[in-house]
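Breakdown of the fold
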Amino acid sequence: MSCIYCGTKIDLADSDIIPDALTNAKIINPHVCRVAHNNRFSDMFENEIINDMALITNELDIKSSKGKKYAVYDAKVVVGGTEYKTKLSSDTELFKGSKFMVTEDGKTKLGPLEQVMKIKNATEENVQVVDVNHIEIEKRVIIKTETYFSLAMYRLMTKIAFEWYCLHNGIEDKNDKFEDIINFIVKGEGNNPVTIVGNETVYGLFDQYTNFANHTLLCYIASDNSVNILISLFGIAIYNVRILNEVIEECSCNALFQTLTIDAKREQFYFKNKEELNDNLINSFYNMDFGNGMTVLMPKDMTDMSLQYQMLYLQNYDLFATNLMCVDKPDSVIVHMIIKHIEKLLQESALTIRGLKRFVNEHKEYLERENALNPNGTNKQSIFMFFILYTIGNSNGKISSMKELISYLKQRFSGTEISISDDMSKNLYTEIFKDKDYFEKIKMGALVVDKWEFE
Ligand SMILES: [Zn+2]
């Protein structure tokens, strides 16, 4: 065994193909040397992306195995008209502990009164008391879209594609045909092999067929015979990595697919080419004769969940090979698309058992007190979550599972996509407060969610 980057046989390590801070599902390539090409990639480009995506991984409940903690992200908090910088890993942390927030110019600090009074030169004249339960509070999180077009991201995508492709083609040593790719990953030099898919239809397909917030990898041969790998990063952006200009004899497997969910589940298939995949797919079904002239195609193995992905792959092969509409530089259309995907992801993450349980868990302390809902300080997302708990509590046991909740919400908001606008959040707020027993009902809802089992 040798390192696929440098050929050394000394001190090889299991490389996480996707950095573990970005996924709950480990996939490993064991042919990477420990120091020069496994550890150093973290500093070269992986950590930059991990930091920039902290808000996303935090919301999706992905914890790095190293820290076992939620990722911390940068936020700006406006309290009574003054803007402070802070680092957060949850909304409820805002005014917890002895933490201080500082304004951009460093001149004003916000913290618990007893801590503030300990600061040298603090007097009653230069200290102002604010009541965070009633004052207007706004949290702003900055989503850096340039991350998705950064050199670090392109290098990371190339690294993922390269290690995954080698793994499924039995490449266990350095191969000169990948020299350009290796150079780009290791040094960030040479032609950038990465572009971003601009065709929204492709995003729609991935969204429809795969699980929420997954990573999906897919290898195909383009119409110019180049070998390419598509990587869907949480469904936010789909990258196309041109890994080889043509099929090489050492790598005969080019119809590859793998999808990884945030619950660490995975589905995959690996075939030489689409013809072999096609043959396999045909042989995976049989004709069931109903005796009245009607026959139905039935899968031979009902447990083979990869069949739907095999169909997705074959039916859309031409789309992948010829019509991805890839771009390599950010333009307003693709930036807008990425923002839309991030917003959708953040909203939908709340509506999972994970998301609800985490919300309940983090608000346990708040639920002990009556003033959990500060009309000026609760963000849209939290109001929506409180509304959900209220709804569950108010249903008298009628909503007793995630499935029933989703079906209620679909009815209530007439559609599959729930967009939390300012108006909607105001209306929900009014609706909750009209009920004089609202707080008991929220608490009841929290108790119910606490008992729900993961699916
Ligand atoms: Zn190496």
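None of these values were measured; they are calculated from a predicted model.

Here we take up the side chain of Asn38. One can find Asn38 in helix α1 (residues 34-52). Once you skip the residues sitting within four places of it in the chain, Asn38 turns out to touch Ala13, Asp14, Ser15, Val32 and Cys33.

This part takes up the environment of Gly204. Position of Gly204 among the secondary structure elements: in helix α6 (residues 200-209). The spatial distance from the C-alpha of Gly204 to the C-alpha of Ile50 is 25 Å, given a sequence separation of 154 residues.

Looking at the zinc ion, one finds its protein donor set to be Cys3 (SG), Cys6 (SG), Cys33 (SG) and His37 (ND1), positioned 2.1 to 2.4 Å from the metal centre. Here the zinc ion is ringed by four donor atoms whose angles at the metal span 97 to 116°, and the overall shape comes out tetrahedral. When the donors of the zinc ion are listed by position in the chain, the intervening gaps give C-x2-C-x26-C-x3-H. For Cys3, a relative accessible area of 0% corresponds to the buried category. In this structure Cys6 comes out as partly exposed when scored by relative accessible area, which is 35%.

It is worth spelling out helix α11 (residues 353-362) at this point. A large share of α11 lies buried, amounting to seven of its 10 residues. Buried within α11 are the following residues: Ile353, Gly355, Leu356, Lys357, Arg358, Phe359 and Val360. The inward-facing, buried residues of α11 abut α2 (54-59), α10 (332-350), α12 (364-368), α13 (380-394), α14 (402-412) and α16 (438-451).

The next subject is the domain arrangement of the protein. By the assigned domains, the protein splits into domain 1 (73-142), domain 2 (195-330) and domain 3 (351-451). Computed from C-alpha coordinates alone, the two centres of domain 2 and domain 3 are separated by 38 Å.

The buried fraction of strand β10 (residues 227-233) amounts to seven of the seven residues, a majority that puts the element mostly inside the structure. Strand direction decides the pairing type here: strand β9 (residues 215-221) and β10, joined by seven bridges, are antiparallel. Its bridge partner being in β10, Cys219 is matched across the sheet by Ile229. Looking at chain direction, β10 and strand β11 (residues 237-244) are connected through seven bridges and run antiparallel. When the bridges of β11 are listed, Val227 appears paired with Leu244. Between the end of β10 and the start of β11, which pair antiparallel, lie three residues, with Phe234 showing a positive phi angle near 55°.

With that settled, consider a nonpolar patch on the surface. Taken together, the side chains of Leu113, Met117 and Val129 define a hydrophobic patch exposed on the protein surface, amounting to about 270 Å² of accessible area. With respect to the element layout, Met117 can be found in the loop between α3 (113-116) and β7 (137-140).

Looking now at the pattern of salt bridges. Side chains that differ in sign of charge can pair as their charged atoms come close. Enumeration according to the criterion identifies 20 salt bridges in this entry. Ionic pairing is found between Lys159 and Glu163, a salt bridge with its closest N-O pair at 3.9 Å. Taken as a pair, Lys159 and Glu163 lie in helix α4 (residues 151-167) at a separation of four residues, close to a single helical turn. Both residues of the pair, Lys159 and Glu163, belong to the buried class. Lys177 is the partner of Glu250 in a salt bridge, and the nearest nitrogen-oxygen pair spans 3.0 Å. Taken together, the residues Glu250 in the loop between β11 and β12 (255-260) and Lys177 in the loop between α4 and α5 (179-187) connect sequence positions 73 residues apart. Salt bridges linked by common partners bring Lys76, Glu83, Lys85 and Glu104 together as one network.

Parameters and conventions
Residues numbered from 1 in each chain as written. Predicted model: local features only at pLDDT ≥ 70, side-chain atom pairs only at ≥ 80, totals over all residues. Heavy atoms only, no water. Helix = DSSP H or I, 4+ residues; strand = E, 2+ residues; numbered from the N terminus. Contact = heavy atoms within 4.5 Å. Donors = N, O, S within 2.8 Å, 3.2 Å for Na, K, Ca; no water. Tetrahedral: all angles 85-135°; square planar, octahedral: opposite > 155°, others 65-115°. Buried < 20%, exposed > 50% of the residue type's maximum accessible area, 1.4 Å probe, protein only. Domains from an automatic or database assignment. Pairing = 2+ DSSP bridges. Patch = residues over 30% accessible without salt bridge, like charges linked within 9 Å, V, L, I, M, F, W, Y side chains within 5 Å. Areas by Shrake-Rupley, 256 points an atom, 1.4 Å probe, with all protein chains shown as cover. Salt bridge = Lys/Arg side-chain N within 4 Å of Asp/Glu carboxyl O.

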